[in-house]
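Now for the letters of each chain:
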Amino acid sequence: MLSTKQNKLMAVLTKRGFIFPSFEIYGGVSGFYDYGDLGTKLKRKVQNIWYNLFVAEENAFEIDTRTILPKPVLQASGHLEKFTDPVVQCQKCRGVFRADHIIQDKLGIIVEGFPAEELDKIIKKNDLRCPKCSSHLSKVTEFNLLFKTFIGPEQKEREAFLRPETCQGHFLLFKRLFQLNGNKLPLFVAQIGRSYRNEISPRGGLIRLREFDQMELEIFVDPEKKTHPNFKKYEKVKLKVKPLDSEEKEVTCKESVEGGIVSHELMGYSLAKSKVFFREIGVPEKHIRFIELSKDERPFYALETWDTQIWSETFGWVEVTANNDRGAHDLESHMRGSGEKLTVRNEEGEEFIPHVIEMSYGLDRPIYCLLESVFVENDGRNWSYLKLNGKVAPIEVAVLPVVNKEEMVKKSLGIYNKLRKKFNVKHLTGYVGKNYAKMDEIGVLYCVTVDGETFKNNTVTIRDRDSRKQVRVGVDELNQILEDLVSGKKNFEEL
RNA sequence: GCGGCCGUAGUCUAGCCUGGUCUAGGACGUCAGCCUGCCACGCUGAGGACCCGGGUUCAAAUCCCGGCGGCCGCACCA
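Quick caveat: nothing in here was measured; it's all calculated off a predicted structure.

1. Thoughts on the overall build of chain A
Alright, step 1. Helix and strand counts for chain A come out as 17 helices and 26 strands.
Alright, step 2. If one aligns the C-alpha atoms of chain A with their principal axes, the spans along those axes are about 95 × 60 × 50 Å.
Alright, step 3. Counting over 495 residues, chain A shows a buried share of 52%.
Alright, step 4. Here the contacts in chain A between residues at least 6 apart in sequence split such that 63% fall between residues at least 24 apart.
Alright, step 5. Taken as a whole, chain A presents about 24200 Å² of accessible surface, with 48% of it coming from carbon and sulfur.
Alright, step 6. Here chain A contributes 76 positive and 73 negative side-chain charges, whose respective centroids are spaced 4 Å apart.

Laid out in structure tokens, this is it:
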């Protein structure tokens, strides 16, 4: 259901330059959005918070791998087989089958490479039914989740695809990185980058994109040692969890591990960190939960999956992070596909394939969910504003003269230029009331106003976005005070 | 992808049914000037639109077809 809130938010975001529909002047294409100035700044700030938590704190290797993958890579990973085939779905039991397989099995004719319409005709003509329950089948649809291209001249053997997830890069580099890690596990590898999925029909703005950013941390571990040296630091984090076989409940990270809700320490750790990340960027705690996926729901490679979900008024619970235990799947399949040996030995000399624990974050979705949860549609005067915290707000401070008089503008510009060294700050002239409203709308936390008194005693006022209250402070202490406020060290009320 | 609804400035909208008076009207926003000493203020002025392509017609924002895009439902979303 389309809510007016989402409509209003998207309108504000476009109007103020956070995001724009891509290729708009050519009519646009669904599933693609560009980020404008404010959106890009917001995105970078969210990325940085992730970086601090998942790269810096984890002491992870950071990599930047290619977005184009040659066909054999995706053949090995299983993506190609899963997502470029014609499929039909049983209308009764909901089973999904490969259309070409059904035809081949029942009729014995080879139909590889036939277009979906041909397969559809054959199925209709021969009245082929669901192999499980013999009910009618849906129309044949082509799964084209991978964007296809060619390396070099267009020829079948050089087919390539845009990566559907960044982590294939981690797996492909495993051998090298393991060596650089002193042949030791665990090995932490992180990457922030683009991925592409050719969704059949993306909807919902930033929720389902065809080109999107991911932030992924893959931890290669000994399957016997799915633990984390830093576990203690996060064991007390409270988690709202919904396990497969029981009701939603709140437990600490430690309890989730000890109570067997998650199957090992690293999974508990992943969830706790996820909670901390989303809390930091400003998602209300009650809007964050973790849900275990059943075998049918989770990706084909996963042994265990816990999605982090954020509550959206418009879309309900939205998946923003997949915390996966990928087991040995990836290294095993790339070992098979490439012929390279990707096993390691433990201290006892036993050879094994490392398991992969994955924390896979989207960037665009969390940003949308965040924006929706901090969007105040009406503050009581029919103004809307974004209640972003200082860590993510694209612009933290604005400076404005109370009236558009030359000497006042000169003064406020001076203050603006000083503040620019430390903050993302805007300078505005014109009618103050309107400017406050404009700044509220893009999430600016504090407005510094130059007025008549500034000339008498060198003071200015700081206006707090959320309370709209103002306090008067000396120009000399402005920098320090703003820094404390923006970083969250001080509350506005304490001033 | 299938079915339903829809597409007029940055936004909301009038006009469409019943083709001509539309050189497309209004409101908000934008910009400029004046005013203004604290919360989308007031006055004056400026700029800005019929989604794209084709057809019917003397004449198309208006009727018809196709495309693109949006929303809703179904499906899809490893």
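2. Focus: the nonpolar core
When a protein is soluble and globular, its nonpolar side chains tend to lie buried together.
Alright, step 1. Counting residues in hydrophobic clusters, the biggest one holds 99 residues, and the most contacted among them are Phe277 and Ile462.
Alright, step 2. Counting residues per element, this core draws most heavily on helix α11 (residues 265-281), at 9 residues.
Alright, step 3. The next biggest cluster of nonpolar side chains, apart from the first, holds 16 residues, and it includes Leu177, Ala328, Leu342 and Val356.

3. Quick look at the packing of helix α2 (residues 37-56) against α11
Alright, step 1. Running from N to C, α2 and α11 point in directions that differ by 145°, and their axes come no closer than 10 Å. Handedness of the α2/α11 crossing: right-handed. When α2 is examined against α11, the residues Val46, Ile49, Trp50, Leu53 and Phe54 are found in contact with a partner set consisting of Lys273, Ser274, Val276, Phe277, Glu280 and Ile281.
Alright, step 2. Considered class by class, the residues forming the contact of α2 with α11 number 8 nonpolar, 1 polar and 2 charged.

4. Re the packing of helix α14 (residues 406-419) against helix α17 (residues 478-487)
Two measures define how a pair of helices packs: the angle their axes make with one another and the distance between the axes.
Alright, step 1. For the pair α14 and α17, the least separation of the axes is 11 Å and the interaxial angle reads 55°. For the element pair α14 / α17, the angle class is oblique. Here the hand of the crossing between α14 and α17 comes out right-handed. Along its contact with α14, which presents Ile415, Lys418 and Leu419, the element α17 presents Leu478, Asn479 and Leu482.

5. Thoughts on the sheet that holds strand β9 (residues 159-162)
Alright, step 1. Sheet architecture is open: 3 strands sit in the order β4-β9-β8, paired in antiparallel fashion. Strand pairing shows two members of the sheet lacking a second neighbour, β4 (68-70) and β8 (148-150), which therefore form its edges. Neighbour-to-neighbour, the strand axes of the sheet open up by a mean angle of 40°, direction not taken into account.
Alright, step 2. Both β8 and β9 contribute to a ladder of 3 bridges, which runs antiparallel. Paired with threonine 149 across the bridge in β9 is alanine 160.

6. What to know about the packing of aromatic side chains
Alright, step 1. Counted under the stated rule, the structure contains 17 aromatic pairs.
Alright, step 2. An angle of 40° between the planes, with centres 4.8 Å apart, marks the rings of phenylalanine 174 and phenylalanine 220 as tilted. With a gap of 46 residues between them, phenylalanine 174 in helix α8 (residues 174-180) and phenylalanine 220 in strand β11 (residues 211-221) connect regions that are remote in the sequence.
Alright, step 3. Residue phenylalanine 220 is classed as buried on the basis of its relative accessible area of 0%.
Alright, step 4. Arranged with centres 6.1 Å apart and planes meeting at 20°, the rings of tyrosine 446 and phenylalanine 492 form a pair that is stacked. Residue tyrosine 446 is located in strand β24 (residues 446-450), and its partner phenylalanine 492 is located in the segment after α17; the two are separated by 46 residues in the primary sequence.

Definitions and cut-offs
- Residues numbered from 1 in each chain as written.
- Chains lettered and ligands numbered in written order.
- Predicted model: local features only at pLDDT ≥ 70, side-chain atom pairs only at ≥ 80, totals over all residues.
- Heavy atoms only, no water.
- Helix = DSSP H or I, 4+ residues; strand = E, 2+ residues; numbered from the N terminus.
- Buried < 20%, exposed > 50% of the residue type's maximum accessible area, 1.4 Å probe, protein only.
- Contact = heavy atoms within 4.5 Å.
- Areas by Shrake-Rupley, 256 points an atom, 1.4 Å probe, with all protein chains shown as cover.
- Lys, Arg positive; Asp, Glu negative; His and termini not counted.
- Charge placed at Lys NZ, Arg CZ, Asp CG, Glu CD.
- Core = buried A, V, L, I, M, F, W, Y, C linked by side-chain atoms within 4.5 Å.
- Axes fitted to C-alpha atoms, helices over the stretch in contact; angles between N-to-C directions.
- Left-handed = near helix turned anticlockwise from the far one by under 90°.
- Nonpolar A, V, L, I, M, F, W, Y, C, P; charged D, E, K, R; others polar.
- Parallel < 35°, antiparallel > 145°, perpendicular 65-115°, else oblique.
- Pairing = 2+ DSSP bridges.
- Phe/Tyr/Trp six-rings, centres within 6.5 Å; stacked < 30°, edge-to-face > 60°.

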